[in-house]
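Residue strings, one per chain:
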Amino acid sequence: MKLILAIVQDKDSNRVANEFIDANIRATKLSSTGGFLKAGNSTFIIGIEDERVEDALALIKETCQARTQYVTTPVTLDISLDGQVPYPVEVEVGGATVFVLPVEGFHQY
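The following refers to the structure shown. (Residues numbered from 1 in each chain as written. Predicted model: local features only at pLDDT ≥ 70, side-chain atom pairs only at ≥ 80, totals over all residues. Heavy atoms only, no water.)

Within the secondary structure, S42 is located in strand 3 (residues 39–48). Among the residues examined, S42 registers a relative accessible area of 1% and is labelled buried. A polar side-chain atom of S42 sits 2.9 Å from a polar atom in the side chain of D10. Non-local contacts of S42, meaning those with residues more than four positions away in its chain, are made with A6, I7, V8, D10, S13, K29, L30 and S32. (Helix = DSSP H or I, 4+ residues; strand = E, 2+ residues; numbered from the N terminus. Buried < 20%, exposed > 50% of the residue type's maximum accessible area, 1.4 Å probe, protein only. Polar contact = N/O pair within 3.5 Å; in protein donor to acceptor, adjacent residues only side chain to side chain. Contact = heavy atoms within 4.5 Å.)

This is how it looks when you write it as structure tokens:
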């Protein structure tokens, strides 16, 4: 038995949840925030049998593709810098961060 923690961007979370349902994978979805952009994410918690882990990972990989996005740099309040103006920067967003952990016990009541 394994525990999968999958952190995906909110933009991908509904598609991932639907894919889990179609594949009969039970998952708990939690709202989370973090990362470089402090953007909304969803964290999926999945208790799954060892032989189904690779299927779940493949599903996440297919559904959560990384993409580029432009964001504006933050304005600094340091007056010693000469007229620093915010400007757009291209960054990579999306994809998924996934942890697979061993589970000593799993119970459903």
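A separate point is the environment of T33. Tracing the chain through its elements places T33 in strand 2 (residues 28–34). Along the backbone, T33 and I7 are 26 residues apart, and their C-alpha atoms lie at a distance of 9.7 Å.

Viewed as axis vectors pointing N to C, helix 1 (residues 10–22) and helix 2 (residues 53–63) meet at an angle of 145°, and their least axial separation amounts to 10 Å. Our pair here, helix 1 against helix 2, has a crossing hand that is right-handed. Listed contacts from helix 2 to D12, R15, V16, E19 and F20 of helix 1 are L59, I60 and T63. Of the residues that constitute the contact of helix 1 with helix 2, the class distribution is 4 nonpolar, 1 polar and 3 charged. (Axes fitted to C-alpha atoms, helices over the stretch in contact; angles between N-to-C directions. Left-handed = near helix turned anticlockwise from the far one by under 90°. Nonpolar A, V, L, I, M, F, W, Y, C, P; charged D, E, K, R; others polar.)

Bringing the sheet that holds strand 2 into the picture now. One open sheet accounts for 4 strands, arranged 2-3-1-6; its pairing is antiparallel. In this open sheet, the two strands that pair with only one neighbour each are strand 2 and strand 6 (96–102). This sheet shows a mean twist of 20° between the axes of neighbouring strands, independent of strand direction. Sheet topology note: the strand 1 (residues 2–9)/strand 3 ladder contains 8 bridges and is antiparallel. Across the sheet, the residue bridging to Q9 is N41, located in strand 3. The sheet strands contacting helix 1 are strand 1, strand 2 and strand 3, and the helix crosses strand 3 at an angle near 20°. (Pairing = 2+ DSSP bridges.)

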